[in-house]
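What follows is the residue order along each chain.
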Amino acid sequence: MKRYLSALTVFLFLLALGSCKKSYLDTTPSDQIDASKIFDNLNNVKVALNGIYRAIYMQYSDQEQDGHPAIMIVMDFMGEDIVHTATGTIYFRGAYRWTDHRSELNDLPYFAYRLYYRIIANANILLEGIDSVPNAPEAQKNVIKGECLALRGWAHFMLVQLFAKRYSVTEQGVPNNFDAEGKPNLGVPVVTKYSLDPQPRNSVEEVYAQVNKDLDQAMQLLDGAPPRGLYRTHIDKSVAQGLKARVALTQSKWTDAAYYAQEALKGYQLMSNTSYLDGFTDMKNSEWMWGAHQLPEQLPAYGSFYAYMSSNFNSSHTRPNPKKISISLYNSLSNTDVRRKLFCDNVNDYVNFPGVIDASTGQPAGSQTRALYMQKKFVVSDPAVSAGDIPYMRVAEMYLIAAEAKAKAGLINEAADIIDVLAKNRDPNYTRPDNISDIDNDKNGLIMMQRRIELWGEGFRFLDLKRLKLPLDRSGTGSTAALANVAVNTPIDPDNVRWQFVIPRREMQANPYMVQNP
């Protein structure tokens, strides 16, 4: 890890602070700060913190490496609910085919590994230095500490989900994270101090313990912090609570998951049906809790989340390969559910589903492939610019977490009451099924079907399949073997080693203590 951590930290502080348009090596604009002066005053620390948030969505060394939003795309492409209509470009194709994450020489494992450790390293630097800032009010320092701890906890959580085995408990809810020989399952290195020294992998239990410790401290420090306003790009207490709910759900801690999810959603409102069809690119939406506010001038020459996921941006990736929803998932929606309107039921309907737009004419691009069930959930405001806000967390997810946790705890009626609120908001004709005994069925139960359709395209499906110990099964989705190259008629068993990302070769070479995954 020695070469890895030192390189990433210098890169972030020299090139990614604030919202700079020029390199620090060329000049020092007013919205940047010299790395050696970060702790001269609190404003400089805030600029550095903004740099960490920007590092979450900035592009790294390739155009399919647009920070965490690129991992969101990978997580859904590795599931079954997004279906490719054609071969398209090479970008994310290996993720869809379940090949990239299993090669230690591939860019995907290396990108994911350095992305989240970069966030961790820089959060640690701020945590270690902020108390040295002169004349800084304690309350303001605590907010920055809380954000850094939440970011560090979230980044470790992402890493352990990708690179380790799923978190496992017995039927009695007792943690059971050991291999066949009784040795603790390996997680990822826990890094709580900035260091250039290589470190061994901690156990899965140790990683989750640190994640929870960071989030618990973050919630305390963020309690009473000033409101963020309409642009929710920074983590506040509600987001830290939402992260805590995600972690608890993954650990099968049902009481905690339900509690923190219900606490997190307080003060937010579910969006209207009109807002639901606006394109999912504006974080001023009433139910967005945390996201990226991506400006056009911050876009790389090629790439970005919307270059691959929007339905109307004119790119070589979207024109030949519009993304569609699984046929079986689409058919689970009632005709009065607003979410059904996000997916095309008539390829000749250019009014409701214009598809890719030629910005020069304002008309549909003639070279676009059109397909039944293609999506319009993600729509950019300007088809010539692939910029838009990117959702990391929404209130709807909190309803879904609370309902799932209640159901898993045996509180079926309480779970149904929670899911009713979300379902009735999306479908005015929704009625609770007479038989709700299977509400928590992990594959086709009411809660899981609501979760799959609600969070479609927002980066959850691979992680859901993994934590629930479900196979990847693309039968009945409309996926074809020629495109998917995997798991259309032969599901990938949940115990297959392919559910773990391999450790990248560069980390194996730089860290003598590192152990490779099977």
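Residues numbered from 1 in each chain as written. Predicted model: local features only at pLDDT ≥ 70, side-chain atom pairs only at ≥ 80, totals over all residues. Heavy atoms only, no water.

K.L.:
Would you mind showing me how to read the overall build of the chain here?
P.N.:
Along the chain, the regular secondary structure elements total 18 helices and 6 strands. C-alpha extents for the chain along the principal axes are approximately 60 × 60 × 45 Å. For the chain, the residues scored as buried account for 59% of the 518 residues in total. For the chain, the centre of its 55 positive side-chain charges and the centre of its 56 negative side-chain charges are spaced 2 Å apart. (Helix = DSSP H or I, 4+ residues; strand = E, 2+ residues; numbered from the N terminus. Buried < 20%, exposed > 50% of the residue type's maximum accessible area, 1.4 Å probe, protein only. Lys, Arg positive; Asp, Glu negative; His and termini not counted. Charge placed at Lys NZ, Arg CZ, Asp CG, Glu CD.)

K.L.:
I keep staring at the confidence of the model for the chain and nothing clicks. Help me out?
P.N.:
Note that predicted coordinates carrying low pLDDT should not be read in detail. Taken over all residues, the pLDDT of the chain has a mean of 91, while the share at 70 or more is 93%. Contacts from residues 1–31, a stretch scored under 50 in pLDDT, to residues over four places away or in other chains number 79 contacts. (pLDDT = per-residue confidence, 0-100. Contact = heavy atoms within 4.5 Å.)

K.L.:
Quick question: what am I supposed to make of the environment of L149 here?
P.N.:
Looking at the secondary structure, you find L149 in helix 6 (residues 138–163). Ignoring sequence-local partners within four residues, the contact set of L149 consists of L127, D214, Q217, A218 and L221.

K.L.:
Explanation requested: the pattern of salt bridges in the structure shown.
P.N.:
Side chains bearing opposite charge may pair, as long as their charged atoms lie close to each other. Under the definition given, this model contains 36 salt bridges. In this structure, R166 and D495 form a salt bridge, with 3.9 Å as the shortest nitrogen-oxygen distance. Highlighted residues: R166 in the loop between helix 6 and helix 7 (204–222) and D495 in the loop between helix 17 (481–484) and helix 18 (505–510), separated in sequence by 329 residues. Residue classification places R166 among the buried residues on the basis of a relative accessible area of 16%. Salt-bridge contacts for E397 lead to R246; the nearest nitrogen and oxygen are separated by 2.7 Å. (Salt bridge = Lys/Arg side-chain N within 4 Å of Asp/Glu carboxyl O.)

K.L.:
Could you clarify how one ought to interpret the packing of aromatic side chains in this entry?
P.N.:
The way to describe two aromatic rings as a pair is by their centre distance and the angle between their planes. Using the criterion set out here, one finds 25 aromatic pairs in the structure. With a centroid separation of 4.9 Å and 80 degrees between ring planes, the pair formed by F92 and Y308 is classed as edge-to-face. Of the two residues, F92 is situated in the loop between strand 1 (82–84) and helix 4 (93–96) and Y308 in helix 11 (residues 305–309); the sequence distance between them amounts to 216 residues. For F92, a relative accessible area of 2% translates into the label buried. Seen from their ring centres, W154 and W290 are 5.4 Å apart, and the 80 degrees between their planes marks the pair as edge-to-face. Here W290 lies in strand 2 (residues 288–292) and W154 lies in helix 6, a separation of 136 residues in the sequence. A relative accessible area of 3% means that W154 is categorised as buried. Its end group placed over the ring of Y350, R370 keeps NZ or CZ at 3.9 Å from the ring centre. One Lys or Arg, K376, reaches over the ring of F353 and ends 4.8 Å from the middle of that ring. (Phe/Tyr/Trp six-rings, centres within 6.5 Å; stacked < 30°, edge-to-face > 60°. Lys NZ or Arg CZ within 6 Å of the ring centre and 35° of its normal.)

K.L.:
Quick question: what am I supposed to make of the environment of G229 here?
P.N.:
As for its placement among the helices and strands, G229 is situated in the loop between helix 7 and helix 8 (237–250). Given a relative accessible area of 45%, G229 falls into the partly exposed group. Note: C-alpha distance between G229 and H68 (161 residues apart in sequence) is 23 Å.

K.L.:
Explain the pairing of strand 2 here, please?
P.N.:
Along any regular strand the residues' side chains alternate between the sheet's two faces. Taking burial as the measure, the 5 residues of strand 2 include 5 buried ones, the bulk of the element. The sheet contact formed by strand 2 and strand 6 (residues 390–394) spans 4 bridges and is antiparallel. From the neighbouring strand, G291 faces strand 6, where its bridge partner is P391. (Pairing = 2+ DSSP bridges.)

K.L.:
Honestly, unusual backbone geometry in this entry has me stumped. Any pointers?
P.N.:
Outside of glycine, negative phi angles account for most residues, and trans bonds account for most peptide bonds. Of note, the phi angle at S304 is positive, near 105 degrees, even though the residue is not glycine. Tracing the chain through its elements places S304 in the loop between strand 2 and helix 11. We classify S304 as buried; its relative accessible area is 1%. Although it is not a glycine, K469 adopts a positive phi angle of roughly 55 degrees.

K.L.:
Where do I start with the packing of helix 13 (residues 395–408) against helix 14 (residues 412–426) in this structure?
P.N.:
Each pair of packed helices can be summarised by the angle the axes make with each other and by the distance between the axes. Between helix 13 and helix 14, the shortest axis-to-axis distance is 7 Å and the interhelical angle comes to 155 degrees. Relative to helix 14, the element helix 13 is oriented roughly antiparallel. For the crossing formed where helix 13 meets helix 14, the hand is left-handed. On helix 14, the residues that touch A396, Y399, L400, A402, A403, K406 and A407 of helix 13 are I412, E414, A415, I418, I419, V421, L422 and R426. Class assignment of the residues belonging to the contact of helix 13 with helix 14 gives a composition of 12 nonpolar, no polar and 3 charged. (Axes fitted to C-alpha atoms, helices over the stretch in contact; angles between N-to-C directions. Parallel < 35°, antiparallel > 145°, perpendicular 65-115°, else oblique. Left-handed = near helix turned anticlockwise from the far one by under 90°. Nonpolar A, V, L, I, M, F, W, Y, C, P; charged D, E, K, R; others polar.)

K.L.:
Got a minute to help me understand the packing of helix 2 (residues 42–57) against helix 5 (residues 107–129) in this structure?
P.N.:
Here helix 2 crosses helix 5 at 170 degrees, and the two axes come no closer than 10 Å. For the element pair helix 2 / helix 5, the angle class is roughly antiparallel. Facing helix 2, whose interface residues are V45, A48, L49, I52, A55 and I56, helix 5 presents L115, I119, N122, A123 and L126. Here the contact of helix 2 with helix 5 is built from residues that sort into 10 nonpolar, 1 polar and no charged.

K.L.:
Quick question: what am I supposed to make of the nonpolar core here?
P.N.:
The tendency in soluble globular proteins is for nonpolar side chains to be buried as a group. Grouped together as the largest cluster of nonpolar side chains are 150 residues, with contacts concentrated most on Y116, L151, W154, I235 and W290. Ranked by residue count, the leading element in this core is helix 6, at 14 residues. Dropping the residues within four chain positions of it, L151 is found in contact with L49, I52, Y53, I56, I119, I235 and W290. (Core = buried A, V, L, I, M, F, W, Y, C linked by side-chain atoms within 4.5 Å.)

K.L.:
Where do I start with the side chain of R232 in this structure?
P.N.:
Positionally, R232 belongs in the loop between helix 7 and helix 8. Among the polar contacts made by the side chain of R232, one reaches the main-chain carbonyl oxygen of M283 at a distance of 3.1 Å. A distance of 2.7 Å separates the side chain of R232 from the backbone oxygen of W288, its partner in a polar contact. For R232, the contacting residues outside a window of four places in its chain are Y268, M283, K284, N285, S286, W288, M289, W290 and G291. (Polar contact = N/O pair within 3.5 Å; in protein donor to acceptor, adjacent residues only side chain to side chain.)

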